[in-house]
Amino acid sequence: MDSDSYPPTKALTTRYKCYACYKQYKKKEHLVEHMKISYHSAHQPRCAVCQKHCKSFESLREHLTGPLAKTNCLGIFSDRGCDLCLEVFDSPSSLNKHREMCCLSAPASLATEIPTCTESQIYVSGSIDESYACKGGEAVAIDCEMVGGGSDGSLDLCARVCLLDEDENIIFHSYVQPQIPVTNYRYEVTGLTEKHLRDAMPLKEVQNKILEILYNGESIGKLRLSGGNARLLVGHSLDHDLDCLRMFYPDHLLRDTAKYRPLMKTNLVSHSLKYLVQTYLGYNIQTGVHDPYEDCVSVMRLYKRMRAQNHHVEGSGIQSICGGFDFWKPKELEKMTPEKLYEISRSNYRCWCLDLKGQQPGLI
């Protein structure tokens, strides 16, 4: 038989595999383009079994327990994995011990923390200057309750605000006098009535008290540049709270659980605080009237859990401080190994673990 009649031999195709998420490409330039838009770094959520990087904890959860989960990862995680923090442990007994600490109980109500909170009042924990100035740039959590203004009651007006420190101690709590008439107290959600706001603190005074706590004796100039001793402000949908308080606080000092990429949906849509607390802390909130203290405690716990992650970056932290792919020519990038491409890749968000490592907020 003539050799030309044999079926042609299929040529072997070289595949280029991403070092972080394991996607494969036929051409090296396609891998390079993938790395430019994926923003892989040591700060991304990753599978504790196969070390695959994921864009968010939601996509990591899908990788571990979803309908298309990898068989090996699913098996190991089902046996020794924590469904809250998504870590994997050496044995089921180690997992059980961990779960006792990882699954938290719901915080007490504000009525327990401030016995007279059903009355219009102001609560300040001691002297703000004496009690908190020595603590440096610790984080402060905030939550506001809104009532409705305008002809249809749809305009959000801040009527109650609560701030607490990292130890879940209340720093400041006050009812707030809205600047325009209230047309809907939203009682089913807020639990507020006209009586609560009758002798409430004027908004301007509330602003001054909050800024006194947050500025922590820092000058406005230094606050805008680096923060200095100013406190990080933690919350959920902070832009909404600040808008209703008619306040500004620098973006680099905000820690918003609604906008933190690892806590968002895969399509970068925010989860509700109720969902995040149930999924990552293991308890329910907002089952009836919203309690600002409960929400403050929960958002602070979420922040501290994210901040406590140990993301080891080799050497001098090239992924945190280098300019990424912009410093390299296309031909140079195509000559690099997948591992080298990963080393020069950088995150597109500032990981909260850096708050514990003393890195300047401006660095990613």
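Computed from a predicted model, the values in this text were never measured in an experiment.

## What about the overall build of the chain?
Step number 1: Looking only at helices and strands, the chain features 16 helices and 10 strands.
Step number 2: Evaluated residue by residue, the chain yields a buried proportion of 45% over its 364 residues.
Step number 3: Partitioning the intrachain contacts of the chain with sequence separation of at least 6 by distance along the chain shows that 59% fall at a separation of at least 24.
Step number 4: As displayed, the chain offers around 18900 Å² of accessible surface, 51% of which is attributable to carbon and sulfur atoms.

## Brief notes about the pattern of salt bridges
Step number 1: Using the criterion set out here, one finds 10 salt bridges in the structure.
Step number 2: With a shortest N-O distance of 2.7 Å, aspartate 156 and arginine 186 are connected by a salt bridge. Taken as a pair, aspartate 156 in strand β5 (residues 155–164) and arginine 186 in the loop between β7 (182–184) and α7 (187–190) lie far apart in primary sequence, 30 residues in all.
Step number 3: Relative accessible area serves as the criterion here: at 28%, aspartate 156 is assigned to the partly exposed category.
Step number 4: Residue lysine 340 is joined to glutamate 343 by a salt bridge in which the shortest nitrogen-to-oxygen separation is 3.9 Å. Of this pair, lysine 340 and glutamate 343 both sit in helix α16 (residues 338–344), separated by 3 residues, roughly a single helical turn.
Step number 5: You can call glutamate 343 partly exposed: its relative accessible area is 34%.
Step number 6: Bridged by salt links that share partners, the residues Arg255, Arg350 and Asp355 form one connected network.

## Observations regarding the confidence of the model for the chain
Step number 1: Summary statistics for the chain give a mean pLDDT of 86 and a share of 84% for residues scoring 70 or more.
Step number 2: Contacts for the low-pLDDT stretch residues 126–134, under 50 throughout, to residues beyond four places or in other chains number 16 contacts.
Step number 3: Long-range and interchain partners of residues 315–322, a stretch whose pLDDT sits below 50, account for 21 contacts in this model, where long-range means more than four residues apart.

## A look at the nonpolar core
Step number 1: Val161, Ile210, Leu245 and Tyr249 are the most contacted members of the largest nonpolar core, which totals 65 residues.
Step number 2: Here this core gets 8 residues from one element, more than from any other, and that element is helix α13 (residues 292–307).
Step number 3: Leaving out residues up to four positions away in the same chain, valine 161 has contacts with Ile142, Asp143, Cys144, Phe172, His173, Ser174, Val176, Val206 and Ile210.
Step number 4: The next biggest cluster of nonpolar side chains, apart from the first, holds 14 residues, and it includes Cys18, Tyr25, Val32 and Leu341.

## Examining the state of the cysteines
A covalent bond between the sulfur atoms of two cysteines is referred to as a disulfide.
Step number 1: Summed over the entire model, instances satisfying the criterion amount to 0 disulfides.
Step number 2: Looking at cysteine 21, it has no disulfide partner, and the nearest cysteine sulfur is the one in cysteine 18, 3.7 Å off.
Step number 3: Left unpaired, cysteine 103 is separated from the closest cysteine sulfur, that of cysteine 102, by 7.5 Å.
Step number 4: Since its relative accessible area comes to 31%, cysteine 103 is described here as partly exposed.

## Side note on the environment of histidine 312
Step number 1: The residue histidine 312 is located in the loop between α13 and α14 (318–321) in this model.
Step number 2: When the C-alpha atoms of histidine 312 and histidine 43 are compared, they prove to be 8.4 Å apart, with 269 residues separating the residues in sequence.

## Some words on the packing of helix α12 (residues 273–280) against α13
Step number 1: At a closest axis distance of 10 Å, the pairing of α12 and α13 adopts a crossing angle of 55 degrees. Classified by the angle between their axes, α12 and α13 sit oblique to one another. When you trace α12 past α13, the crossing you get is left-handed. Facing α12, whose interface residues are Leu273, Leu276, Val277 and Tyr280, α13 presents Asp295, Ser298, Val299, Leu302 and Arg305.
Step number 2: Its residues assigned to classes, the contact of α12 with α13 shows 6 nonpolar, 1 polar and 2 charged.

## A few points about helix α11 (residues 238–245)
Owing to its 3.6 residues per turn, the α-helix aligns residues three or four sequence positions apart on the same side.
Step number 1: For α11, every residue scored as buried is listed here: Leu238, Asp241, Leu242, Cys244 and Leu245. In a view along the axis of α11, the buried residues occupy a sector of 165 degrees, so they form one face of it.
Step number 2: Summarising the contacts, the buried residues of α11 are in contact with β4 (139–149), β5, α9 (203–215), β9 (232–235) and β10 (254–256).
Step number 3: Of the residues trailing α11, arginine 246 is marked for its positive phi of about 55 degrees.

## Focus on the environment of phenylalanine 89
Step number 1: Checked against the element boundaries, phenylalanine 89 lands in the loop between α3 (71–80) and α4 (92–102).
Step number 2: Expressed as a C-alpha distance, the spacing of phenylalanine 89 and aspartate 79, which sit 10 residues apart in the sequence, is 9.2 Å.
Step number 3: In this structure phenylalanine 89 touches Arg80, Cys82, Ser94, Leu95 and His98, once residues within four positions along its chain are discounted.

## Comments concerning the packing of aromatic side chains
Step number 1: One pass over the full model with this rule turns up 6 aromatic pairs.
Step number 2: An aromatic cluster is defined as three or more aromatic residues linked by ring pairs; in this entry it consists of Tyr260, Tyr303, Tyr349 and Trp352.
Step number 3: A cation over an aromatic ring shows up here: arginine 61 above the ring of tyrosine 280, its NZ or CZ 5.3 Å from the ring centre.

## Details of unusual backbone geometry
Step number 1: Phi at leucine 86 is positive, roughly 65 degrees, even though this residue is not glycine.
Step number 2: Secondary-structure assignment places leucine 86 in the loop between α3 and α4.
Step number 3: Even without a glycine there, the phi angle at leucine 268 is positive, about 65 degrees.
Step number 4: Take leucine 268: it is sitting in the loop between β10 and α12.

Each value, and the rule that gives it
- Residues numbered from 1 in each chain as written.
- Predicted model: local features only at pLDDT ≥ 70, side-chain atom pairs only at ≥ 80, totals over all residues.
- Heavy atoms only, no water.
- Helix = DSSP H or I, 4+ residues; strand = E, 2+ residues; numbered from the N terminus.
- Buried < 20%, exposed > 50% of the residue type's maximum accessible area, 1.4 Å probe, protein only.
- Contact = heavy atoms within 4.5 Å.
- Areas by Shrake-Rupley, 256 points an atom, 1.4 Å probe, with all protein chains shown as cover.
- Salt bridge = Lys/Arg side-chain N within 4 Å of Asp/Glu carboxyl O.
- pLDDT = per-residue confidence, 0-100.
- Core = buried A, V, L, I, M, F, W, Y, C linked by side-chain atoms within 4.5 Å.
- Disulfide = S-S within 2.5 Å.
- Axes fitted to C-alpha atoms, helices over the stretch in contact; angles between N-to-C directions.
- Parallel < 35°, antiparallel > 145°, perpendicular 65-115°, else oblique.
- Left-handed = near helix turned anticlockwise from the far one by under 90°.
- Nonpolar A, V, L, I, M, F, W, Y, C, P; charged D, E, K, R; others polar.
- Arc of directions from axis to C-beta.
- Phe/Tyr/Trp six-rings, centres within 6.5 Å; stacked < 30°, edge-to-face > 60°.
- Lys NZ or Arg CZ within 6 Å of the ring centre and 35° of its normal.

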